[in-house]
Every structure is written in C-alpha cells, then in structure tokens.
Amino acid sequence: MKSEHKDELKARRRNIALLVSYDGTNYNGFQRQNPPSVAVQNILEERLEKIFGDKIELTASGRTDAGVHALGQVVNFFTNGRIEIEKIPRAASSLLPKDIIVRAAWEADKNFSALHSAKSKIYVYKIQRGETLNPFTAKFAWHIRYPLDVEKMRAALNLIVGTHDFSAFKAENKTNMNPVRTIYAAEIFSSEEFAADILSIKIHASGFLYHMARNIVAAVVAVGRERLSVEEFRRIFDSRDRKLVPATAPACGLCLHEVFY
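Here the structure is a predicted model, which means the values were calculated and not measured.

1. What about the pairing of strand E9 (residues 196–205)?
Now for step 1: Of all the 10 residues making up E9, 8 are buried; the element is thus mostly covered by neighbouring parts of the structure.
Now for step 2: Looking at chain direction, strand E5 (residues 120–129) and E9 are connected through 9 bridges and run antiparallel. Bridge assignment links Lys 126 to a residue of E9, and that residue is Ser 200.
Now for step 3: Here strand E8 (residues 180–193) pairs with E9 via 10 bridges, running antiparallel. Across the sheet, Ser 191 pairs through a bridge with Ile 198, a residue of E9.
Now for step 4: Hairpin connection between E8 and E9: a loop of 2 residues separates the two successive antiparallel strands, and Phe 194 in this loop has a positive phi of roughly 55°.

Have a look at this one:
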C-alpha cells in the first residue's frame, strides 16, 4: 500500500485478507513493477479490481524475489466491494492465470496488515539430487549432481538457530535493515517427489533479510560439498562479512511456505 493513499484506503468499509499461492517462474518477483516487467502484485491487483470495482493496492507479508515461489503468501487490501467472502476464491480463479491461485479469503480487522502483523515465517528451499535433471522438479528445485554430506549440512544449520546478527547472509549493498533476526528452527530432510531425490531445507524465523534464506542455503550446500568445513561456516557467520559467503543459491528452489500471525 502506498503511504500517500493509506488514509484514503483505510476509510473503506472492508479489510480483506487473502491466502495466495503462486509459481514465481514467469514473474519479476511479487512487488509491483513498471511495464514491461510484470510481478505477481501487478496481476493480482488488476484482476481483483474487476471483482471489487475499486482501485486495489495490496500489502503483502513479504516481497519474494524474481523466480521465488509461494505456497502461503498473505496479502490484504481495503475495499468497498460487496462480494461475499466465500465467493472470492472462485471469482479470483476465473480471472487469474493458472500460476496464481487465491486459496482462501477472510474479513480482517481494520488494523490487520499482512506485513506488519506477521510474527514469523517459514521458507523451504528444495534441492534435487542426482546426475540427471528431473523435468518435473526443474522449476522448483536447485539441481545438484554432486554428493552432499547431509549430516554436515545439518550441523551447519544448527549454528544459525537462535537470535543472531545475520549480516553475513544479507544481500550485498543492503545496509539499511536491522540484521538481527531470530531463527526458531532450521532443519533438513529428504523425500521422493515425482521420482526425484529431493532435499529440503526448512527455516522458521522471525523475519528474513533480502536474500538471507538463499545465502544461508548457498553456504550450507558448500558445507555439504565439503568446500567449507562446519567450523569455517561458523567463522563466516560470526564475521558478518557477506563477501565470504558463496554466490546466492538459485531462486527456483525457494518457496514462502507459511506466515504466522
């Protein structure tokens, strides 16, 4: 929501919240973009305006990067539109492309903000292991053909649990955010999905810096490939120096899984 429109929009009768899932492959992230770039927010606002008859400005729980997916993105917006709440998901599905879905809708309190009311989030990063790329997981996982030592990766993840300064894992040239975050849990587990050997890294935190989840994954994978030892991972984490962390992991493997309020 643009700050200059905030008071005008909050004067509307209803505050609607939506649970949204999307495949981020074809979008330049979630946040609204100027043409010719297209973001998930551009599409959602355009189609919701047809349903509600209002100019829609969404507030989201977070701004996923280009190519990042979401299972549980939460947005809210103010409207005078009269459509019944239970009809919103079906109405949205008739207008939205197949890679964006409104899973649920509810009437929120006037003070609810998908961004500012969020207490914590879970991101899940998927890695497809094996010599051959699986076409059914290619858009949703980082393909790594090299062996990975999962126990060493788990040991590295254990080091980031708790309240820490995550400057080592922030995006380069991003200095204006408080780098202190709390990670409540960080785990790694394997599964078979679409005949692919999938390794999932699940991180539950109070919040995430820009590129934080993908940079953590990049460093943890380096440990798994034995390019970094667990102790070297610890020293990089403690150094708070982004330049010591490997290149950011690909966007395709990351999914905003759930937001807690």
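There's plenty left to go through after this.
2. Details of the state of the cysteines
What we call a disulfide is simply a covalent bond connecting the sulfur atoms of a pair of cysteines.
Now for step 1: Scanning all chains against the criterion turns up 0 disulfides.
Now for step 2: Not engaged in a disulfide, the cysteine Cys 252 finds its nearest cysteine sulfur in Cys 255; these two sulfurs lie 12 Å apart.

3. Describing the packing of helix H4 (residues 150–160) against helix H5 (residues 212–224)
Now for step 1: Two elements in contact, H4 and H5, have axes whose closest approach is 8 Å; the angle formed by their N-to-C orientations is 140°. Here H4 runs over H5; the crossing is right-handed. Residues Lys 152, Met 153, Ala 156, Leu 157 and Ile 160 of H4 form the contact with H5, whose own contacting residues are Ile 216, Val 220, Val 221, Val 223 and Gly 224.
Now for step 2: Per-class residue counts for the contact of H4 with H5 are 8 nonpolar, 1 polar and 1 charged.

4. A closer look at the side chain of Arg 214
Now for step 1: Note that Arg 214 resides in helix H5.
Now for step 2: Beyond its immediate sequence surroundings of up to four residues, Arg 214 is in contact with Asp 65, Tyr 125, Thr 248, Ala 249, Pro 250, Ala 251 and Leu 254.

5. Thoughts on the packing of aromatic side chains
Geometrically, a pair of aromatic rings is defined through the distance of the ring centres and the angle of the planes.
Now for step 1: Across all of its chains, the model carries 9 aromatic pairs by this definition.
Now for step 2: Ring geometry for Tyr 125 and Trp 142: centres 6.3 Å apart, planes at 85°, overall edge-to-face. With Tyr 125 in strand E5 and Trp 142 in strand E6 (residues 142–144), the pair connects residues that are 17 residues apart, well separated along the chain.
Now for step 3: Residue classification places Tyr 125 among the buried positions, given a relative accessible area of 1%.
Now for step 4: For the pair Phe 166 and Phe 237, a centre-to-centre distance of 5.2 Å together with 40° between the ring planes defines the contact as tilted. Here Phe 237 lies in helix H6 (residues 230–239) and Phe 166 lies in the loop between strand E7 (162–165) and E8, a separation of 71 residues in the sequence.

6. So, the layout of surface pockets
Now for step 1: Computed from the structure, the largest pocket encloses a volume of approximately 1,300 Å³.
Now for step 2: Lining the largest pocket are 47 residues; nearest its centre among them are Ala 60, Ser 61, Gly 62, Arg 63 and Leu 115.
Now for step 3: Where the lining of the largest pocket is concerned, the elements lending two or more residues are helix H1 (6–10), strand E2 (59–60), strand E3 (69–79), E5 and H5.
Now for step 4: When residues of the lining of the largest pocket are assigned to their parent elements, the largest contribution, 3 residues, is made by H5.
Now for step 5: Considered class by class, the residues forming the lining of the largest pocket number 18 nonpolar, 18 polar and 11 charged.
Now for step 6: The computed volume of the second largest pocket comes to approximately 450 Å³.
Now for step 7: Going through the elements one at a time, strand E1 (14–22), E3, strand E4 (100–107), E5, E8, E9 and strand E10 (254–260) are the ones with two or more residues in the lining of the second largest pocket.
Now for step 8: Looking at the lining of the second largest pocket, its residues break down into 14 nonpolar, 5 polar and 5 charged.

Each value, and the rule that gives it
- Residues numbered from 1 in each chain as written.
- Predicted model: local features only at pLDDT ≥ 70, side-chain atom pairs only at ≥ 80, totals over all residues.
- Heavy atoms only, no water.
- Buried < 20%, exposed > 50% of the residue type's maximum accessible area, 1.4 Å probe, protein only.
- Helix = DSSP H or I, 4+ residues; strand = E, 2+ residues; numbered from the N terminus.
- Pairing = 2+ DSSP bridges.
- Disulfide = S-S within 2.5 Å.
- Axes fitted to C-alpha atoms, helices over the stretch in contact; angles between N-to-C directions.
- Left-handed = near helix turned anticlockwise from the far one by under 90°.
- Contact = heavy atoms within 4.5 Å.
- Nonpolar A, V, L, I, M, F, W, Y, C, P; charged D, E, K, R; others polar.
- Phe/Tyr/Trp six-rings, centres within 6.5 Å; stacked < 30°, edge-to-face > 60°.
- 1 Å grid on protein atoms, 1.4 Å probe; cavity = no way out; pocket = protein on both sides within 12 Å on 5 of 7 lines; lining within 4 Å.
- Points joined across faces, edges and corners; volume = space filled by probe spheres on them.

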